[in-house]
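# Summary of the model geometry
One letter stands for each residue in the lines below.
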Amino acid sequence: MADLIKTNRRDFLKIAGTAAGGLFIGFYWSGCDSPKMQVLSDDEVLAQAHNFNAFLSISPSGDVVIYSPNPELGQNIKTSFPMVVAEELDADWEKVRVFQANLDNDKFDRQLTGGSGAMPHSWERLRKAGATARHLLLVAAASQLEVDMDELATEKGEVIHKKSGKKIAYGDLVADASQLEAPEDVSLKHHKDFKIIGTPVKNVDNKAMFTGKPLFGLDFYREGMVNAMIQRPPFGMKIKSVDDSEAKKVPGVTDVVTFNNNVAIVGNTTWPLLKAKKLLKVTYEPDGTVESTEDHDRLFVELMDKGKAQVMRKDGNVDQAFSKAAKVVSAEYQCPFLSHSPMEPQNFFAHVKGDKVELVGPTQTPDRARMETAQLLDIPTENVSVEITRLGGGFGRRLRADFVVEAAELSKILNKPVKVTWSREDDMTGGAYRPAVRYKFQAALDEEGNMIGYKLRGVGINAGNTTRENNFPSGSVDNLLIESVNHSSPITTNAWRAPITNFLAYAEQSFIDEVALAVDKDPVKFRLELLDRAKNNPVGEIHYDVDRMKTVVETAAEKSNWGKDANVMQGFSVYFSHRSYVAQVANIEMENNQPVLKKITAVTDCGIVVNPTGANQQVRGGIVDGMGHAMFTNMTFKDGLPTQKNFDTYRLIRMKEVPEVDVHFIDNGIDPTGLGEPALPPTGGAIANAIYKATGKRLRSQPFIEQKEFSEFNLEIKRV
Amino acid sequence: MANYSLKINGETFNVDVEEDTPLLWVLRDHLGLVGTKYSCGIAQCGACTVHLNGEATFSCTLPVSSVGSDEVTTIEGLSKEGDHPVQKAWNEVDVAQCGYCQAGQIMNAAALLKKNPSPSMQEIEDTMNKNLCRCGTYHKIREAVALAAKNK
Ligand code: FES
Ligand code: FES
């Protein structure tokens, strides 16, 4: 550390270059006080390592190199992927070093972070990568020891001959083993035999993160690069005039460039750019429609009644069901736009050199970054390289490539390597939001309180299909109609953690609660009745596994003591998304006539839990995210521009607003089914239903704190 | 432009910058100490937290001209080997998701424990509430600060 401080800028850059690449796992706080342990540098290990496959190399020193191809943004993939490879290899985890792989379509597939899909997609190939290498090490060991392969076992980086007690370290076998032909088929372990998977392995980047090493895109520096910030237009507007005279006067600003409706300020460091940006005078004029929140509110009402809807699903005859219903329940729910607002604002480094481009930065979709850049510059995709840094959050915003392509374009114009940094204000106003959506639900009930008809219509602003038409409760109702209406807007939208379901789940699960209570049924029993119907006699096609859903519902009821304590007002919610199932119960108790949110219990079925600490935090983090945005966060528009531009007005959840969260997993041995998103959708509904139980107030719009009803009771949050 | 002699992590650095340049950008752009993070720039999130004579301070709104001879400590200088009790607790509890906010969280927690070696949960929350974590690692931050206090 002291060395780092003393070094000059140049030397620091060298450190930056390697530290971003790879790191020790299992680091020792006391450093090298064990004289027996000879620690090789990453470069030494890499130079010696014998390659087995795209994921895996092993050096004669026994150090195991595992490449993690997918972008790491906090879902812990850089730790959990290597765990899977190491498991089947029977590696000594202390000797594993993890490196972030660059984009490489020949070696890897689906090198992206989105849809909670990385682990389900790669589970088997990661296991095979480890198992194949283990097999080759066994073959090499058998020939060295001149014994039969089935007399051999592996454990913690060694091959063991049980009869003779002989052991050979993997490092001593790699020269031979890596020359052998890989087998077509290998057997994989039974999940009950896992030794690394299912244990709490610490994040491989801990030491780098906690000592301030340059890991993130914003930390990237290249000798000779310039910095830039860009003034982008409001939505639906184009530049009318640019007066950059004052901006250019700021010391440290070297250039102001207008391109593509953008004005870029260029300099060697960041502060002059932030200053100059405030002095830039750009006027805009409409380029199509310019929208404000009032327009959206009006559109929601209009389109809900007479918008042209796309029928997403139709079962039976809803009109008939509603006309003969003993009771009809109807409600509308609405949510605002949201910004992704990762803590690390958007940024990217680009260097266009003739017909070649080097890209470095935080992206969820390196391949899209490459393709869009190649397209823009009209060069072959293989001329574009993408180095993936750690991402300071993504939440879906970094699935786009707008912030990459503009950096490449600017580098070409300037003929220099450039890093474009978005200020927080740029990040919040520069687009691609969670779309605003309004839903209308209607339920028809017979005399016995059975749901005989169900209608859902969603209206979204640039939301695409606002429904998940084959999810629950589809399959459990004879007569059902699901429709979606879209309004095309110049305001850009994008997937936002648990796209669509981040709001649909809250609306639907609140409505189900309304329906259950309207017919005097317990909300959990009511859901179970519907699930039984979907199980025994399903209506049409369904995309969820009824048994898995029932299990999380029943387990959550049990773990939360559902309905057992009259002093605890509980709200229930369950949702299936991204292949996984999560049920949640929120507990509210009255203290001094005031409702206090005390606890959220969550039961998750995501199949095999690869890393329990990581998984636990994915669930808690998802709940904090779901709760924060349901309760506090709003984004409104005025003339094509968000009103909220930074964290002073865009309210994110803070530590004191987080209740106790009790996390449980279903242990069923099913292959992993995704965990980065599924815990978020149910949270808003669980809280809203508990609030209703405690106060009789039904919250039908988000954020809760801005609803009139909310001010009448003022929810408190009790922490641990 | 003016010349400033800054005491950072026990070393002296000379920089030639505009006087309104926030310490954050001096650290990141001029000295290559990028462990201190930029996120909001308006003293709302705590990602840029450093110690100024041991006090947790937002470096994004602190002009370099007002630092004077104050001792600045950044995450890079919190400990030599990354073994400050707070850093160890952060590893033990495995706090981070994306990790971007964590240098600021650690610096804030370290300053708190220096002043108040055994804070109550309420005191931990009062202090740590200044730092945003978009990933929602708040439960673990709480736990790690309490653990660091215990292990000190
Ligand atoms: S960057 Fe300084 S408080 Fe947010
Ligand atoms: S760990 Fe991602 S913002 Fe805190």
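Parameters at a glance
- Sequence order as written defines residue numbering, which begins from 1 separately in each chain.
- Chain labels run from A onward and ligand labels from 1 onward, assigned in the order the entries are written.
- Reporting of local features is limited, given that this is a predicted model, to residues whose pLDDT is at least 70; pairs of side-chain atoms are given and counted only at 80 or more, and all residues count toward the totals for whole chains, interfaces and linings.
- Note that water and hydrogens are dropped before the side-chain values are worked out from all heavy atoms of the structure.
- Bear in mind that the domain bounds are from an automatic or database domain assignment.
- We call two residues in contact whenever any of their non-hydrogen atoms come within 4.5 Å of each other.
- When two parts are brought into contact, each loses some accessible area as probed by a 1.4 Å sphere; the total of that loss over both is the buried area.
- For salt bridges, the criterion is a side-chain nitrogen of Lys or Arg within 4 Å of an Asp or Glu carboxyl oxygen.
- What qualifies as a polar contact is a pair of N or O atoms within 3.5 Å, subject to a donor-acceptor requirement within protein and to the restriction that residues adjacent in sequence count only when both atoms come from side chains.
- Note on residue categories: nonpolar means Ala, Val, Leu, Ile, Met, Phe, Trp, Tyr, Cys or Pro, charged means Asp, Glu, Lys or Arg, and polar means any other residue, Gly included.
- Starting at the N terminus, helices and strands are each numbered in turn, a helix being any DSSP run of H or I of at least four residues and a strand any DSSP run of E of at least two.
- In a helix, the anticipated span is given by 1.5 Å times the number of residues less one.
- Accessible area is worked out with a 1.4 Å probe on protein chains only. A residue is then buried under 20% of its type maximum, exposed over 50%, and partly exposed in between.
- Two strands form a pair only when DSSP identifies at least two bridges running between them.
- As a rule, the C-alpha atoms of each element are fitted with a line to give its axis, helices using only the stretch in contact, and angles between N-to-C directions run from 0 to 180 degrees.
- UniProt positions are given in the numbering used here, feature names are shortened, and annotations may be inferred rather than shown by experiment.

In the annotation of an unreviewed UniProt entry, chain B is listed under the name Isoquinoline 1-oxidoreductase alpha subunit and assigned to Indibacter alkaliphilus.

As recorded by an unreviewed UniProt entry, chain A carries the name Isoquinoline 1-oxidoreductase beta subunit and is attributed to Indibacter alkaliphilus.

### Considerations on the domain arrangement of chain A
Residues and elements named next belong to chain A. According to the domain assignment, chain A consists of domain 1 (4-197), domain 2 (217-287 + 346-421) and domain 3 (436-717). Counting residues at the interface gives 17 residues for domain 1 and 17 residues for domain 2. When the two sides are added together, the surface that domain 1 and domain 2 hide from each other amounts to roughly 1,400 Å², 56% of it contributed by carbon and sulfur. A per-residue breakdown of the area domain 1 buries against domain 2 is headed by Glu72, Leu73 and Leu103, which together make up 37% of the total. On the surface where domain 1 and domain 2 come into contact, there are 0 salt bridges. Across the contact surface, domain 1 and domain 2 share 4 residue pairs in polar contact (both at pLDDT 80 or more). The class makeup of the residues in the side of domain 1 that touches domain 2 is 7 nonpolar, 6 polar and 4 charged.

### Comments concerning helix H18 (residues 612-631) of chain A
For H18 of chain A, which comprises 20 residues, the first-to-last C-alpha distance of 28 Å matches the rise-based estimate of 28 Å (1.5 Å per residue) to within 8%. Across the 20 residues of H18 of chain A, 17 count as buried, placing the element largely inside the fold.

### So, the sheet that holds strand E2 (residues 11-17) of chain B
All names here are of chain B. In space, the 5 strands of this open sheet follow the order E2-E1-E5-E3-E4, with mixed pairing throughout. Because the sheet does not close on itself, it has two edges, and the strands there are E2 and strand E4 (55-58). Taken pair by pair, the neighbouring strands of this sheet meet at an average axis angle of 40°, ignoring direction. Of the strand pairs in this sheet, strand E3 (residues 49-52) and strand E5 (residues 71-73) are connected by 2 bridges, and their pairing is antiparallel.

### With respect to the UniProt feature "domain: Aldehyde oxidase/xanthine dehydrogenase a/b hammerhead" (unreviewed entry) in chain A
The positions UniProt marks with the feature "domain: Aldehyde oxidase/xanthine dehydrogenase a/b hammerhead" (unreviewed entry) are residues 211-288 of chain A. Annotated as residues 211-288 of chain A, this span is 17% helix and 41% strand, and its ends, taken at the C-alpha atoms, are 49 Å apart.

### As for the environment of Gly115 of chain A
Residues and elements named next belong to chain A. Relative to the elements of secondary structure, Gly115 occurs in the loop between strand E5 (96-100) and helix H5 (118-145). For Gly115, a relative accessible area of 31% puts it in the partly exposed group. The residues contacting Gly115, other than those within four sequence positions of it, are His578, Arg579 and Glu677.

### What about the pattern of salt bridges?
As enumerated under the stated definition, the model contains 49 salt bridges over all chains in all. Arg368 of chain A is paired through a salt bridge with Glu372 of chain A; the nearest N and O atoms lie 2.8 Å apart. Of this pair, Arg368 of chain A and Glu372 of chain A both sit in helix H12 (residues 366-377), 4 residues apart, which is roughly one turn of that helix. Judged by relative accessible area, Glu372 of chain A falls into the partly exposed class, the value being 25%. For Arg134 of chain B, the salt bridge goes to Asp625 of chain A, with nearest N and O atoms at 3.1 Å. A residue pair is termed interchain when its members come from two chains, as with Arg134 of chain B in the loop between helix H4 (121-128) and helix H5 (138-151) and Asp625 of chain A in helix H18. A relative accessible area of 3% means that Asp625 of chain A is categorised as buried. One network of salt bridges, in which partners are shared, links Glu87, Asp90, Arg134 and Lys189 of chain A.

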